[in-house]
Every structure is written in C-alpha cells, then in structure tokens.
Amino acid sequence: MSHHFIGQDNDPPLAILVETLASPMLIAHPAPVCLEVDMDDTLRLPVDQASFCQLMESLIRQALIEMPEGGELTITGCQTNTGIEIELADTGAEVEQRACKLPMIAAALSAELNWQDCPQGGSAVTVKFPHYQAAKRRAA
C-alpha cells in the first residue's frame, strides 16, 4: 500500500494551503516576517482541512507573538514512515523563554507536538500526524 498521497486527490497541496493561511497573518503582523515554505507538492492533508487550518493558524500565531520585531518563519513538511511531519521554525525566543501552548485541536487530531531550540537561534515546533488519521477520515 502506498502512502504517497495522504489526503484526497482534490485536496490542495499542503504547501499552498500553508502559504494561504500564513500570508494574511504575516501581512497583518506589525513587523516584517519573511516566510519560507518547503514541502513536496505531493504532500496532502493528513486530517480534515478545517481542523488542519485551525491548528496551523494557532501555531503560526504563537510564532508571530515570539517575533514582535520581525524575523523569519520557515515551515517545512515531509512524509515519514509513521505519517506526516510539519515543522514551524522561527527566529523568536528559545523554547524555555516562551509559552509553548498546546492547541486543543492537536489532541483531537492525535497530533503530537514537540518543541525544540534551533541551532541558529529561535525555536521550532514539529507536528506529527500519524497515518491512521487518513484511514479514519476515508472511512467516515
């Protein structure tokens, strides 16, 4: 069984969805933030779109709060043997200096969130979506 496409074929690629979510938030931010999105264009939604958007908006908002003077936000995504991982790395404060809030929607999606410091400064949160979420979604 191939896990090449996680979501439905008519789901937008994750890269486009993430850019569409992040762009207005970055424009509204009082300081300039450079956005880089690096994801394979075959990566699809691991969960329903509304829930995914709610989780990503919450994590992007947390990153922007940590960069009041501006900075960089890099969002990457990849397929792993266990599911899909999406990482949001920013140039804000280190993990121990920030409130790493777990959005309630993450638990509902069985998504695992891990925060860590970035070697070049700032912090990152990695969201791990397990494969079985896609199977549950298709069965519903």
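Up top is the structure.
Within any chain, residue numbers begin from 1 and follow the written order of that chain's sequence. Residues qualify for local features only when their pLDDT is at least 70, as the model is predicted, and side-chain atom pairs are given and counted only at 80 or more; totals for whole chains, interfaces and linings, by contrast, use all residues. Side-chain figures throughout are based on the complete set of non-hydrogen atoms in the structure, without hydrogens or water.

## Considering the pattern of salt bridges
Now for step 1: The term salt bridge refers to a side-chain nitrogen of Lys or Arg lying within 4 Å of a carboxyl oxygen of Asp or Glu. This structure, assessed with the given rule, holds 1 salt bridge.
Now for step 2: Residue Asp 90 pairs with Arg 98 through a salt bridge whose shortest N-O separation is 2.7 Å.
Now for step 3: Whether a residue is buried, partly exposed or exposed follows from its accessible area with a 1.4 Å probe, protein chains only, as a fraction of its type maximum: under 20%, in between, or over 50%, in that order. A relative accessible area of 4% places Asp 90 in the buried class.
Now for step 4: Judged by its relative accessible area of 13%, Arg 98 falls in the buried class.

## A closer look at the nonpolar core
Now for step 1: With 36 residues, the main nonpolar core has Phe 52, Leu 55 and Ile 86 as its most contacted residues.
Now for step 2: Counting from the N terminus, the helices are the DSSP runs of H or I reaching at least four residues and the strands are the DSSP runs of E reaching at least two. Within the residue set of this core, elements represented by two or more residues are α1 (14-28), β1 (33-39), α2 (49-65), β2 (71-79), β3 (83-90), α3 (104-108) and β5 (123-130).
Now for step 3: Here Leu 55 is in contact with Pro 103, Ile 105, Ala 106, Leu 109, Ala 111, Val 127 and Phe 129, once residues within four sequence places are set aside. Here the nonpolar core consists of buried residues drawn from Ala, Val, Leu, Ile, Met, Phe, Trp, Tyr and Cys, with membership extended through side-chain atoms lying within 4.5 Å. Two residues form a contact once any of their heavy atoms are found within 4.5 Å.

## Re the sheet that holds β5
Now for step 1: The strand order across the open sheet built from 5 strands is β1-β2-β3-β5-β4, with neighbouring strands paired in mixed fashion. Taken across any chain shown, the strands that pair with only one partner, and hence form the sheet edges, are β1 and β4 (112-117). When the angles between neighbouring strand axes are averaged without regard to direction, this sheet yields 15°.
Now for step 2: Criterion used throughout: strands pair if DSSP finds at least two bridges between them. Pairing of β3 with β5 involves 8 bridges; the strand directions are antiparallel. Among the inter-strand pairings, Glu 85 is bridged to a residue of β5, identified as Lys 128.
Now for step 3: Think of each axis as a best-fit line through the C-alpha atoms, taken over the contacting stretch in the case of a helix, with angles from 0 to 180 degrees between the N-to-C directions. Against the sheet, α1 engages β1, β2 and β3, with an angle of about 170° to β1.

## Focus: the pairing of β5
Now for step 1: Counting buried residues along β5, 7 of its 8 residues qualify, which places the element largely inside the surrounding structure.
Now for step 2: For β4 and β5, the ladder comprises 6 bridges, and the chain directions are antiparallel. Within β5, the position partnered with Leu 113 by the bridge is Val 127.
Now for step 3: If you look at the hairpin formed by β4 and β5, you'll find 5 residues sitting between the two strands, and Gly 121 has a positive phi there, around 110°.

## Quick look at the packing of aromatic side chains
Now for step 1: Pairs were defined over the aromatic rings of Phe, Tyr and Trp, the Trp ring being its six-membered one, requiring ring centres within 6.5 Å. Orientation was assigned from the angle between planes: stacked under 30 degrees, edge-to-face over 60, tilted for the rest. In this structure the tally under the stated criterion is 1 aromatic pair.
Now for step 2: Between Phe 52 and Phe 129, the aromatic rings sit 6.0 Å apart at their centres with planes inclined by 40°, giving tilted as the arrangement. One end of the pair, Phe 52, is in helix α2; the other, Phe 129, is in strand β5, with 77 residues separating them in the sequence. Each of the two residues, Phe 52 as well as Phe 129, counts as buried.

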